[in-house]
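Report on the structure
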Amino acid sequence: MKPNPKEQRFPATPRQMNKLAAIPIKSPSPSLSPALKVRNLSCYYGTKKAVDSVSIDICEGQITAIIGPSGCGKSTFIKALNRISELEGQVRFEGTVEFFGQNIFGRGVNLNRLRRQIGMVFQKPNPFPISIYDNVAYGVRVAERKSRSQMDEIVETALRGAALWNEVKDNLKKSALGLSGGQQQRLCIARALAVKPKILLMDEPCSALDPIATMKIEELLQTLRDKLTIAIVTHNMQQASRVSDYTAFFNADESRIGRLVEFGPTAKIFTEAENLDTRNYVAGLFG
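Residues numbered from 1 in each chain as written. Predicted model: local features only at pLDDT ≥ 70, side-chain atom pairs only at ≥ 80, totals over all residues. Heavy atoms only, no water.

Examining the overall build of the chain
- Helices and strands together make up the secondary structure of the chain, namely 11 helices and 12 strands.
- Taken over C-alpha atoms, the radius of gyration comes to 19 Å for the chain, in line with the 19 Å a tight globule of 287 residues would show.
- Taken along its principal axes, the extent of the C-alpha atoms in the chain is 60 × 45 × 35 Å.
- By the burial criterion, 52% of the 287 residues in the chain qualify as buried.
- Once local pairs closer than 6 in sequence are excluded, the contacts in the chain between residues at least 24 apart make up 68%.
- Of the accessible surface of the chain, which amounts to about 13800 Å², a share of 50% is contributed by carbon and sulfur atoms. (Helix = DSSP H or I, 4+ residues; strand = E, 2+ residues; numbered from the N terminus. Rg over C-alpha atoms; globule rule 2.2 N^0.38 Å. Buried < 20%, exposed > 50% of the residue type's maximum accessible area, 1.4 Å probe, protein only. Contact = heavy atoms within 4.5 Å. Areas by Shrake-Rupley, 256 points an atom, 1.4 Å probe, with all protein chains shown as cover.)

Structure representation (structure tokens):
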């Protein structure tokens, strides 16, 4: 079979080259529109390269899971997509990330606006030590002035969107720190939803939660998939296979530099991946 000239080839790690020749990394279906178009993205912390030359399309209205063993650059990659990693220290990027056609590394990019449009939910719930209501309203108040009635509607809509309204509607003035871990994580999702993002990035949002809370987050993702583009980093293979449309597998070479190894429809990645490392990882043989 002749190779497809539209398919892109990416460098495999030395260990992968010994196992299998470099494989083509396919973009999602041409019928899908990229919300984020990542091209040759490399990330550095100081002089240390953490992620090397990643090219991938994260498509509108889809859930993309990002999987791989610890230390392979998954979190570094996802935090580059709204430049939140720049708050953590000296970080540098090469390549481009286009958000609906705009390069997020271009001159004049308003980072506050970018991070509202590309929201982030972290591994550990991080509600502010203020009321439930004020947590959800916080980002909206920073960005614009709203009347009390408008703000009430925004808060209720966001909490409903995060499947939390019925649990907290009678306690909106109480501290968010009194919520359970799963409720706090859904509150953080509501806080992100309140500013009406186009994309929601999630960095292992269930790793600190119990199975019941995890199930609620996964159910929530299914309700959000028609409204948002979602990219989720997860170590849980069952979770990735349950919630995502597409899956990207990252791995690190001997220098602990993370690279995208394989990307495709989740069903294919989990049942007939082309790369040996991908097959071994999803089978639980390492990681």
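Having seen it, we continue.
Examining the environment of Gln-150
- In this fold, Gln-150 is placed in helix α5 (residues 148–161).
- Distance from Gln-150 to Ala-162, taken between C-alpha atoms, is 18 Å for residues 12 residues apart in sequence.

Some details on a nonpolar patch on the surface
- Together, Ile-130, Tyr-138 and Val-142 give the surface a local cluster of nonpolar side chains, amounting to about 280 Å² of exposed area.
- Among the secondary structure elements, Tyr-138 is positioned in helix α4 (residues 132–143). (Patch = residues over 30% accessible without salt bridge, like charges linked within 9 Å, V, L, I, M, F, W, Y side chains within 5 Å. Salt bridge = Lys/Arg side-chain N within 4 Å of Asp/Glu carboxyl O.)

Section: helix α8 (residues 211–224)
- In this model, α8 (14 residues) spans 20 Å end to end at C-alpha, consistent with the 20 Å of a helix rising 1.5 Å per residue.
- Buried residues of α8: Ala-213, Thr-214, Ile-217, Glu-218, Leu-220, Leu-221 and Leu-224, and no others. The arc that holds every buried residue of α8, seen down its axis, measures 155 degrees, which confines them to one face. Facing away from the buried side of α8 by over 90 degrees, the exposed positions are Pro-211 and Ile-212.
- Each element contacted by the buried residues of α8 is listed here: β5 (63–67), α5, α7 (181–194), β9 (199–203), β10 (229–233) and α9 (237–243). (Expected span 1.5 Å × (residues − 1). Arc of directions from axis to C-beta.)

Comments concerning the packing of α7 against α8
- For the pair α7 and α8, the least separation of the axes is 9 Å and the interaxial angle reads 20 degrees. Judged on the interaxial angle alone, α8 and α7 are roughly parallel. At the point where α7 passes α8, the crossing takes the right-handed sense. Here Gly-182, Gln-185, Arg-186, Ile-189 and Leu-193 of α7 come into contact with α8, specifically with Ala-213, Lys-216, Ile-217, Leu-220 and Leu-224.
- For the contact of α7 with α8, a count of residues per class yields 6 nonpolar, 2 polar and 2 charged. (Axes fitted to C-alpha atoms, helices over the stretch in contact; angles between N-to-C directions. Parallel < 35°, antiparallel > 145°, perpendicular 65-115°, else oblique. Left-handed = near helix turned anticlockwise from the far one by under 90°. Nonpolar A, V, L, I, M, F, W, Y, C, P; charged D, E, K, R; others polar.)

Looking at the packing of α4 against α7
- Closest axis-to-axis distance for the α4/α7 pair is 7 Å, and the angle between their directions is 35 degrees. Considering the relative orientation of α4 and α7, their crossing is right-handed. Across the interface between the two elements, Ile-132, Asn-135, Val-136 and Val-140 of α4 pack against Leu-187, Ala-190, Arg-191 and Ala-194 of α7.
- Here the residues of the contact of α4 with α7 are counted per class, giving 6 nonpolar, 1 polar and 1 charged.

Here we look at unusual backbone geometry
- Residues other than glycine seldom take positive phi values, yet Ala-163 does so here, at roughly 55 degrees.
- Looking at where Ala-163 falls in the secondary structure, it is placed in the loop between α5 and α6 (165–168).
- Of the residues examined, Ala-163 reaches a relative accessible area of 43% and is grouped as partly exposed.
- Of note in the backbone geometry, Arg-256 takes a positive phi value of approximately 60 degrees without being a glycine.

Section: α7
- Taking 1.5 Å of rise per residue, the 14 residues of α7 would be expected to cover 20 Å, and the 20 Å separating its terminal C-alpha atoms lies within 8% of that figure.
- Lys-196, located one to two residues past α7, shows a positive phi value of around 55 degrees.

As for the nonpolar core
- Core analysis: the largest hydrophobic core is formed by 47 residues, its most contacted members being Val-136, Leu-159, Leu-187, Ile-189, Leu-200, Met-202 and Ile-230.
- By residue number, the principal contributor to this core is α7, which donates 6 residues.
- The next biggest cluster of nonpolar side chains, apart from the first, holds 36 residues, and it includes Leu-41, Ile-56, Val-91 and Val-233. (Core = buried A, V, L, I, M, F, W, Y, C linked by side-chain atoms within 4.5 Å.)

Describing the packing of aromatic side chains
- In the structure shown here, the tally under the stated rule is 7 aromatic pairs.
- When the ring of Phe-93 is compared with that of Phe-105, the centres are 4.9 Å apart and the planes differ by 25 degrees; the resulting orientation is stacked. One end of the pair, Phe-93, is in strand β6 (residues 91–99); the other, Phe-105, is in the loop between β7 (102–103) and α3 (111–117), with 12 residues separating them in the sequence.
- Relative accessible area serves as the criterion here: at 17%, Phe-93 is assigned to the buried category.
- Owing to a relative accessible area of 22%, Phe-105 belongs among the partly exposed residues under this scheme.
- Through a chain of ring-to-ring contacts, three or more aromatic side chains come together here, namely Phe-249, Tyr-281 and Phe-286.
- One cation-aromatic arrangement involves Arg-191 over Phe-128; the distance from NZ or CZ to the ring centre is 4.2 Å. (Phe/Tyr/Trp six-rings, centres within 6.5 Å; stacked < 30°, edge-to-face > 60°. Lys NZ or Arg CZ within 6 Å of the ring centre and 35° of its normal.)

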